[in-house]
Each structure stands twice: as structure tokens, then as C-alpha cells.
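Structural features, examined
Spelled out, the chains give:
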Amino acid sequence: MSLNSLKNKSFYTRLVSGIILVLIILGTIIGGGNLLLGFCFVISIIGLHELYNVLGFAKKILGIAGYAAAAAYYLLVKSGNENYIILLLVASMVVMMVIFVFRFSEYHADQIFLAFFGILYVAVMISFIYKLRIQSEGTYLVWLIILGSWGSDTFAYLVGMIFGKHKLAPVLSPKKSVEGAVGGVVASGILGIVYCLIFKEHISVSPVMTGLICAGAAVISQIGDLAASGIKRNYEIKDYGRLIPGHGGILDRFDSIIFAAPVIYYLIMYV
């Protein structure tokens, strides 16, 4: 098979899997409620497993403790008992330290801290998609997460391909450019304004504010993307997984959303 044939096959594989993923996300966000909560939970557990697999304890008791904590967290979100989340996190850390003490020869201290970090980084941050969706205007405002993250990714790639000259983070991600990053932020801001103008009857936030929110989320989402790349560089892997053909794993595709979701949630709630 020629090189061009391989490239074409890879492109179409990535395109088809990307379309399927977008359709799944569209369906779950539009459906909302338990459907979206379940989706967030599933991708959180898969993403947590991918991270723990990289760290070397996905199938060990430390990893099981992390999955259990993530599941308990989603039960609290579902039941509305979020006042107990801090208690859950403290209990999770205590349990992980107990595992460290009694399995000292099996784990390094760094793994304990990273196992706890994974609960926050993956499970908690992804849940903000659901948390924003259940707000009074969440049916419409939740889409700002997509515009601020994947909108930024798409336009940063396009602008970078055309105008990119200056490397943004040459060690972490050699293909990303300063021009692309700026283009992604600007485009996300514009998308936020246009989206608000289209659905102005359903959104009380002003178009200028939605534009600023999306632009700010685009900045944070790009940092999230680079942070995920940094973890992969540290552990010398190309992708977190192979679940999504042509894209990698859940963390490879949701790295920007992980950061954008809580940022947009809090900006909308408090700004």
C-alpha cells in the first residue's frame, strides 16, 4: 500500500470516527438529564483508566480506589448532595495513603498523588458539562463549552496551517503555532457572539459576554491541550489510548474540554 493510500485511509478513519463522536455528544447534550450524566460518568471512568494505565496502576488496587471515588462523586452529583464532595475527596486521599502504607513496596509516593490528581483532573472537571446543562439556561449555554474548546482547536489548526510561523510550545507540541493559538481564541470569541445572537431569546447573557467567555475558555482549553501533551511527553507515549480511531483515547480528544468546562461554568455562574 502506497504512502498516499495510507494517508487517505488515516484521514477517512479520523473523519468518520470524529463524525460519530460529534453525533454521540450532540445526542447526549440535547438529551440532557441522566443520559448526559451517564455519558460524563462513562467517559470519566474511561479517561481515568487511560491515565492510570499510563501511570502503571490501572488494574491495581490503587486504580480501583480511584474508580470507586469517581463513581461515588457522580452519585453525589446525581443526588444533589454536593456538600459531601469535600468529605469524599478527603476520604479518597486517606484511602490512597492507607494503600500506600500497606503496599509500600508496590507504589511510589508520586503514584499516590497522581491517582488523587486523576479524580480531580478527569472525573470532577468533566462533570461540569452536566452541571452547566442542568442550569436554568443550560440547554443553550452548555454549547459554549464546545465552541470554546473544539471551536478553538479547529480554527487554531486551520489558522496555524495557513499562517503559522512562530512555535507556541516547540517541546510539548511542535506543530502548534502562536498564530494558530491567537486565531483559535479570536474565532472562539466570534463563535460565542454569533451563537448568542442566534439564540438571544433563550440566553440572558449578552453577546459580548458570551464572546469573552468563549475566548477565555479557548485560552484555557489550549493550556489544557498542552498540559495533556506534557504528560504524554513525560511518559513517552503518543496517545492515551486507541478507543477513538484516528484520534487516540478519551483524554486525547477531551483534553481541551476538560479545562474549558469548569471555566465556562464558573464564568457564567459568577461573572
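This text gives an overview of the structure that appears in the document. All values reported here derive from a predicted model rather than from experimental measurement. (Residues numbered from 1 in each chain as written. Predicted model: local features only at pLDDT ≥ 70, side-chain atom pairs only at ≥ 80, totals over all residues. Heavy atoms only, no water.)

To continue, consider the packing of aromatic side chains. Inspection of the entire model under this criterion finds 14 aromatic pairs. Between tyrosine 52 and phenylalanine 57, the ring centres sit 4.8 Å apart and the planes meet at 45°, which makes this aromatic pair tilted. Side by side, tyrosine 52 and phenylalanine 57 carry an identical accessibility label, which is buried. An aromatic cluster of at least three residues, connected via ring pairs, comprises Phe128, Tyr265, Tyr266 and Tyr270. (Phe/Tyr/Trp six-rings, centres within 6.5 Å; stacked < 30°, edge-to-face > 60°. Buried < 20%, exposed > 50% of the residue type's maximum accessible area, 1.4 Å probe, protein only.)

Once that is clear, we can look at the nonpolar core. Side chains that are nonpolar tend, in soluble globular proteins, to be buried together. Ranked by size, the top nonpolar core spans 74 residues in total, and within it Tyr52 and Ile129 carry the most contacts. In this structure, isoleucine 129 is in contact with Leu36, Cys40, Val142, Ile145, Ile257 and Ala261, ignoring residues within four places of it in sequence. (Core = buried A, V, L, I, M, F, W, Y, C linked by side-chain atoms within 4.5 Å. Contact = heavy atoms within 4.5 Å.)

Turning to the packing of helix α10 (residues 207-234) against helix α11 (residues 250-270), a few remarks are in order. Between α10 and α11, whose axes approach to 7 Å, the crossing angle comes to 145°. Here the hand of the crossing between α10 and α11 comes out right-handed. Contacts between α10 and α11 involve Ile213, Ala217, Ile220, Ser221, Gly224, Asp225, Ala228 and Lys232 from the first element and Asp252, Asp255, Ser256, Phe259, Ala260, Val263, Ile264, Leu267 and Ile268 from the second. Residue composition of the contact of α10 with α11, grouped by class: 10 nonpolar, three polar and four charged. (Axes fitted to C-alpha atoms, helices over the stretch in contact; angles between N-to-C directions. Helix = DSSP H or I, 4+ residues; strand = E, 2+ residues; numbered from the N terminus. Left-handed = near helix turned anticlockwise from the far one by under 90°. Nonpolar A, V, L, I, M, F, W, Y, C, P; charged D, E, K, R; others polar.)

With that settled, consider the pairing of strand β2 (residues 173-177). For strand β1 (residues 167-169) and β2, the ladder comprises two bridges, and the chain directions are antiparallel. Looking at β2, one finds that lysine 167 is bridged to serine 177. (Pairing = 2+ DSSP bridges.)

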